[in-house]
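Summary of structural features
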Amino acid sequence: LMAKGSKPSPPRDSIDILGQDSEVDPYEKKLILPGKIWRVRYSYLMSPEFKKAMESLFGNVNAAAITNAPDHLKETLEKDIAAAEKYDTVSEKERAEQGGDSKQDMFIAKINIDGDDNALLIYNPVRLHPQMIDWINTLGEVKFIVSGSSSHTNFLPDAAKQFPNA
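Residues numbered from 1 in each chain as written. Predicted model: local features only at pLDDT ≥ 70, side-chain atom pairs only at ≥ 80, totals over all residues. Heavy atoms only, no water.

Some points on the packing of aromatic side chains
- Applying the stated criterion to the full structure yields four aromatic pairs.
- A ring pair is formed by Tyr42 and Tyr44, whose centres lie 5.5 Å apart and whose planes are at 20 degrees; its orientation type is stacked. Neither residue differs from the other here; Tyr42 and Tyr44 are each classed as buried.
- The structure contains a cluster of three or more aromatic residues connected by ring pairs, namely Tyr27, Tyr42, Tyr44 and Phe155. (Phe/Tyr/Trp six-rings, centres within 6.5 Å; stacked < 30°, edge-to-face > 60°. Buried < 20%, exposed > 50% of the residue type's maximum accessible area, 1.4 Å probe, protein only.)

Written out as structure tokens, the structure is:
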């Protein structure tokens, strides 16, 4: 999508589809090391454009792929194809109510910089709704934003705007 010169729109999630007051939170927070490291798993819905882009890169998996696959992969491929076919029949609202169909992890670490033990490092930022920004701000001040690979840069510009001191 980027190669064609258009910026992809952010993925839609339960807040976009079900509303701000929905009981389905796109963020699952897990404390990894008390007071030091958190994982935030962001759930979202795969867009039709992204699905088409993935198919153009990897091809459309079908029954022929199962026939030609090694025996130990056939059952997995059958399940994946069934899930993909179901994907096309389930509404966006139903997918949001089920918690989305794609996930990305972000990690937040509290680090000590020159005696400041309130500094935060965000690794692989995800889409940041206001309530997530508020929660991050309760942990400390974001000083660093790191992307682990070019596959995790979609939300980097927005994170940099939200945390200009990083």
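Now, onward.
Focus: the sheet that holds strand 5 (residues 141-146)
- One open sheet accounts for five strands, arranged 1-2-3-4-5; its pairing is mixed. On the outer flanks of this sheet lie strand 1 (27-33) and strand 5, each paired with one strand and no other. Pairwise comparison of adjacent strand axes, ignoring direction, gives a mean angle of 25 degrees for this sheet.
- Where strand 3 (residues 102-113) and strand 4 (residues 116-123) come together, six bridges link them in antiparallel fashion. Following the sheet pairing, Lys110 is matched in strand 4 by Leu120.
- Along the sheet, helix 6 (residues 130-139) contacts strand 1, strand 2 (37-44), strand 3, strand 4 and strand 5; its crossing angle with strand 3, the most-contacted strand, is approximately 25 degrees. (Pairing = 2+ DSSP bridges. Helix = DSSP H or I, 4+ residues; strand = E, 2+ residues; numbered from the N terminus. Axes fitted to C-alpha atoms, helices over the stretch in contact; angles between N-to-C directions. Contact = heavy atoms within 4.5 Å.)

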